[in-house]
Amino acid sequence: MKALLAVWSIGLGGAAQPAPEPGTVFIFSQGRVERFLRSEQDDMRVWSTRSGREYVRAANPAIPVLSWRIGNQSGSGRVMGDADAIWPPKPGRKARFRVLTRVEANGVH
């Protein structure tokens, strides 16, 4: 198992970040631990929490989690706007985007 201390900074040098290897563990400065599982179509990446819950997020870390399930609840997000205009980061880049989130519990929207 590979472990990295993940520190996300706007100063990443402007290069697109490749997907980590499956099994790579990220330990964030506030204590959150995430394991990279796999890449899927449309540059989506599947991650899991310490407890094994899986979720999907875009390669662009500015976009929040786009798909998740916890017990009888699930949620999905849809990005509206051009969030990719700010990834990879470069000085002067700006973007406006929204994320529409849908949460369901026991089949109720």
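The structure this text deals with has already been given above.
Keep in mind that this is a model prediction, so the values were computed, not measured.

1. What to know about the overall build of the protein chain
Each helix and strand in the protein chain was counted, giving 0 helices and 8 strands. Traced from its N-terminal end to its C-terminal end, the protein chain shows the element sequence β-β-β-β-β-β-β-β. A total of 109 residues make up the protein chain; the buried ones form 26% of that total. Restricting to contacts in the protein chain with at least 6 residues of sequence separation, those with at least 24 account for 25%. Of the roughly 7500 Å² of accessible surface on the protein chain, a fraction of 54% belongs to carbon and sulfur atoms.

2. Some remarks on the pattern of salt bridges
Should their charged atoms come close, side chains of opposite charge can pair. Tallied over the full model, the rule gives 5 salt bridges. Ionic pairing is found between R45 and D43, a salt bridge with its closest N-O pair at 3.8 Å. Here the salt bridges share partners, and the residues they tie into one network are R38, E40 and E54.

3. Quick notes on the packing of aromatic side chains
In the structure shown here, the tally under the stated rule is 2 aromatic pairs. When the ring of F26 is compared with that of W47, the centres are 5.2 Å apart and the planes differ by 70°; the resulting orientation is edge-to-face. Highlighted residues: F26 in strand 2 (residues 25–28) and W47 in strand 4 (residues 44–49), separated in sequence by 21 residues. W47 carries the same exposure label as F26, and that label is buried. When the centroid spacing of 5.3 Å and the interplanar angle of 70° are considered together, the rings of F36 and W47 count as edge-to-face. Of the two residues, F36 is situated in strand 3 (residues 33–40) and W47 in strand 4; the sequence distance between them amounts to 11 residues. Comparing F36 with W47 shows no difference in burial state: the two are buried. Pairwise contacts between aromatic rings join F26, F36 and W47 into one cluster.

What counts, and where the lines are drawn
- Residues numbered from 1 in each chain as written.
- Predicted model: local features only at pLDDT ≥ 70, side-chain atom pairs only at ≥ 80, totals over all residues.
- Heavy atoms only, no water.
- Helix = DSSP H or I, 4+ residues; strand = E, 2+ residues; numbered from the N terminus.
- Buried < 20%, exposed > 50% of the residue type's maximum accessible area, 1.4 Å probe, protein only.
- Contact = heavy atoms within 4.5 Å.
- Areas by Shrake-Rupley, 256 points an atom, 1.4 Å probe, with all protein chains shown as cover.
- Salt bridge = Lys/Arg side-chain N within 4 Å of Asp/Glu carboxyl O.
- Phe/Tyr/Trp six-rings, centres within 6.5 Å; stacked < 30°, edge-to-face > 60°.

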